Amino acid sequence: MSIISTLPNYINGQWCASSATNYSNAINPATAEILAQVPLSTAAEVNQAVVAASAAFVTWRRTPSTERVQYLFKLKNLLEEHYEDLARTITLECGKTWAESKGEMRRAIENVEVACGIPMMMQGTNLEDIATGIDEMMIRQPLGVAAVICPFNFPGMIPFWFLPYAIATGNTYIVKPSEKVPLTMQKIFQLLEKTSLPKGVINLINGAKEAVDAILDHPQIRAISFVGSTPVAKYIYSRAAANGKRVQCQGGAKNPLIVLPDADIEMTTRIAADSAFGCAGQRCLAASVAITVGNARQSFTEAMAETAKKRVVGNGLDKGVEMGPVIDVRSKTRIEALIQQGIEEGANLLVDGRKANISGYEQGNFIRPTILQDVNPVGEIARTEIFGPVLSLIHLDSIDDAIALVNSGQYGNMACLFTSSGAAARKFRYEAEAGNIGINIGVAAPMAFFPFSGWKESFFGDLHGQSNHAVEFFTQTKVVVERWPSNWSRQF
Ligand code: NAD
């Protein structure tokens, strides 16, 4: 019998056993094997991390930015060295394919690379002689202790939308991974430890609601980043803001694709299938609704059904597998219930992915690609985030109707258009109410050089993760107005 380990926290440069009395399990979604026991850390442990981070801030903020980024250069090399192992860990605990996990780690590393440019990115502005003999400058200073609360679906990448920028700008940091997928961050913190960052600069707290609430309420935490579902995002945004903190909360999504009659159907189908079924539909940028316009309907519908049926589903570590399981049994049950609800709302179940039986992985949380056709545009299924490999098809007569439907949704994470018309593309880019737009792209994920721009109920706050938005989020501006009359300096 294998012994299941209980994960430690990392506080003040030390791995320490949690004093929690409640635990959850990290479970391999393909096999149902328990991978580790996760302590649901207490408010007292969050406080220990904050005390350590506050003490570390005193000298970390005085460390020149050119020195601070040296730790990130070391981290970049360590992440490259351990790239395959980290990707394998992501697949083990999260279920996506190994290729998808490698893609995820690549995106994480890119954020480290961008944050290595902090000595340039953190610069302020100045103007001589704003009045005669008076100079004015704006400088950026770090905030203090900041924290991130993460979702399950990108255990390697999402903390990196924030962490490298937070510490490079001189803050100290606390990471609270999703209790469903804590192993990737354990490994990444082992690498962070190897960079010899001063103790207390980075801290890892495993846990769930108690730890989150302690983060939201702690008076010494100045800024909080959150990525997860919209109801929790709203809760975190309001509670942290009520406590006077700077907050950025990325929420859920319901991403539409529009397919115009002049789209290249072969390319569109391939890209749309990757968007809807990649990562088993558990991306915040997964296509969830495809709206066909005019005579795109028949060709796209037939091609998508073919592609969906052919997708190879299984354990993401096995060769040739194109789609893994969903995260847990609860999620699988919920997704299957939503498929049933779609049918009850009048949709035709064109491809049924329920009752998936994957030989050798009978305990896994598998759902095969599923397509609901003629989904009611004003029904629940057209609007609810399913977060599984389910694509709803809706047909409309014009691009105007399609954009109107896109804009009627509560979310605004991503919207995509497939066309060969530049004019249609421009109209869509201009009018679509979403923060990430794809034109002949199915997963319009901003690279690390751009902010991850959700809108509407997909985002609460004003500065997003990644790039210059992250630099602004983790710094406060200070304006200095200076006068040095020359007759004050007698020595010259
Ligand atoms: P979730 O909201 O259930 O959990 C996210 C985090 O919040 C976890 O760390 C969890 O421990 C904590 N949490 C959960 N419930 C809480 C509560 N009641 N009080 C305090 N803390 C709580 O999200 P998830 O299921 O892990 O992730 C999937 C969701 O994340 C989807 O909705 C997806 O769209 C969204 N997501 C959004 C983005 C984006 O950029 N907009 C990116 C990835 C995922």
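Residues numbered from 1 in each chain as written. Predicted model: local features only at pLDDT ≥ 70, side-chain atom pairs only at ≥ 80, totals over all residues. Heavy atoms only, no water.

This part takes up the pattern of salt bridges. By the definition in use, this model includes 19 salt bridges. A salt bridge links R106 to E80, with the shortest nitrogen-to-oxygen separation between them at 2.9 Å. Taken together, the residues span a long stretch of sequence, with R106 in helix α4 (residues 98-115) and E80 in helix α2 (residues 65-81) at a distance of 26 residues. Under the relative-accessibility criterion, R106 is labelled partly exposed at 26%. For R107, the salt bridge identified is with E110, shortest N-O distance 3.6 Å. In this pair, R107 and E110 both sit in helix α4, three residues apart, roughly one turn of the helix. Within this structure, K76, E80, R106 and E113 form a network of salt bridges that share partners. (Salt bridge = Lys/Arg side-chain N within 4 Å of Asp/Glu carboxyl O. Helix = DSSP H or I, 4+ residues; strand = E, 2+ residues; numbered from the N terminus. Buried < 20%, exposed > 50% of the residue type's maximum accessible area, 1.4 Å probe, protein only.)

Hydrogen bonds between backbone atoms are what pair the strands of a sheet, whose relative direction is either parallel or antiparallel. Spatially, the three strands line up as an open sheet ordered β5-β6-β22, and their pairing is antiparallel. Two strands lie at the open edges of the sheet, namely β5 (125-131) and β22 (475-483), each paired on one side alone. For this sheet the average axis-to-axis angle between neighbouring strands, irrespective of direction, equals 25 degrees. In the sheet, β5 pairs with strand β6 (residues 134-142) via four bridges, with the strands oriented antiparallel. (Pairing = 2+ DSSP bridges. Axes fitted to C-alpha atoms, helices over the stretch in contact; angles between N-to-C directions.)

Before going further, it helps to examine the domain arrangement of the protein chain. According to the domain assignment, the protein chain consists of domain 1 (9-251 + 458-479) and domain 2 (255-439). Just the C-alpha atoms count here: the centres of domain 1 and domain 2 sit 31 Å apart. Listed by partner, the interface residues are 21 residues for domain 1 and 25 residues for domain 2. Interface of domain 1 and domain 2: buried area, both sides summed, is about 1,900 Å²; carbon and sulfur atoms make up 63% of it. (Domains from an automatic or database assignment. Contact = heavy atoms within 4.5 Å. Buried area = accessible area lost by both parts, 1.4 Å probe.)

Turning our attention to the site of the ligand. The full set close to the ligand counts 28 residues, and C150, K176, E179, S229 and E385 are the nearest of them. In the environment of the ligand, an oxygen atom lies 2.7 Å from a nitrogen or oxygen atom belonging to the backbone of C150. Contact distances for the ligand include 3.2 Å between an oxygen atom and a backbone N or O atom of G228. In isolation the ligand offers 850 Å² of accessible surface; the protein chains occlude 87% of this area. Within the residue set of the shell around the ligand, elements represented by two or more residues are α8 (209-217), β10 (221-227) and α9 (230-242). For the shell around the ligand, a count of residues per class yields 16 nonpolar, eight polar and four charged. Built from parts of two domains, the shell around the ligand gets at least three residues from each of domain 1 (9-251 + 458-479) and domain 2 (255-439). (Near = heavy atom within 4 Å. Polar contact = N/O pair within 3.5 Å; in protein donor to acceptor, adjacent residues only side chain to side chain. Areas by Shrake-Rupley, 256 points an atom, 1.4 Å probe, with all protein chains shown as cover. Nonpolar A, V, L, I, M, F, W, Y, C, P; charged D, E, K, R; others polar.)

Here the focus is the sheet that holds strand β19 (residues 436-439). The sheet built from seven strands is open, its strands ordered β14-β15-β16-β13-β12-β18-β19 with mixed pairing. Each end of this open sheet is capped by a strand with a single partner; those strands are β14 (348-351) and β19. Ignoring which end each strand starts from, the neighbouring axes of this sheet average 20 degrees apart. Where strand β13 (residues 287-293) and strand β16 (residues 390-396) come together, five bridges link them in parallel fashion. Counterpart to V293 in the pairing with β16 is L396. Along the sheet, helix α13 (residues 399-407) makes contact with β12 (255-259), β13, β16 and β18 (414-418), crossing β13 at roughly 160 degrees.

Attention now goes to the pairing of strand β4 (residues 34-39). Where strand β3 (residues 23-27) lies against β4, five bridges are found, and the strand directions are antiparallel. Residue pairing for β4: A26 is matched across the bridge by A36. Between β3 and β4, which pair antiparallel in sequence order, lie six residues; one of them, A32, sits at a positive phi of approximately 70 degrees.

Taking 1.5 Å per residue, 18 residues should reach 26 Å; helix α1 (residues 43-60) reaches 25 Å between its end C-alpha atoms and fits that length. Among the residues of α1, those classed as buried are E45, V46, A49, V50, A52, A53, S54, A56, F57 and W60. (Expected span 1.5 Å × (residues − 1).)

Cross-referencing UniProt, the feature "domain: Aldehyde dehydrogenase" (unreviewed entry) maps to residues 15-480 in the present numbering. When the span residues 15-480 is considered, its composition is 38% helix and 22% strand, and the gap between its end C-alpha atoms is 42 Å. (UniProt positions renumbered as here; feature names shortened; annotations may be inferred.)

Before going further, it helps to spend a moment on the environment of Q248. By the element assignment, Q248 lies in strand β11 (residues 246-250). With residues near it in sequence (within four places) discarded, Q248 still touches F162, I224, S225, F226, F459, F460, L463, H464, G465, F473 and F474. For Q248, the side chain forms a polar contact with the side chain of S225, separated by 2.7 Å.

Attention now goes to the state of the cysteines. Taken as a whole and judged by the stated rule, the model has zero disulfides. Distance from the sulfur of C284, which forms no disulfide, to the nearest cysteine sulfur (C279) is 10 Å. Free of any disulfide, C416 has its nearest cysteine sulfur in C284, 12 Å distant. (Disulfide = S-S within 2.5 Å.)

The next point concerns unusual backbone geometry. One non-glycine residue, A280, adopts positive backbone phi at about 50 degrees. Here A280 lies in the loop between α10 (265-277) and β13. For D374, which is not a glycine, the phi torsion comes out positive at approximately 50 degrees. Note that D374 resides in the loop between β15 (370-373) and β16. With a relative accessible area of 39%, D374 lands in the partly exposed category.

This next bit is on the nonpolar core. Counting 126 residues, the largest nonpolar core has L79, Y173, I202 and I258 as the members making the most contacts within it. In terms of domain composition, this core takes at least three residues from each of domain 1 (9-251 + 458-479) and domain 2 (255-439). Every residue in contact with I202, bar those within four places of it in the chain, is listed here: Y10, L163, I167, Y173, F189, L192 and L197. V145, A214, L216 and C249 belong to the second largest nonpolar core, which has 25 residues in total. (Core = buried A, V, L, I, M, F, W, Y, C linked by side-chain atoms within 4.5 Å.)

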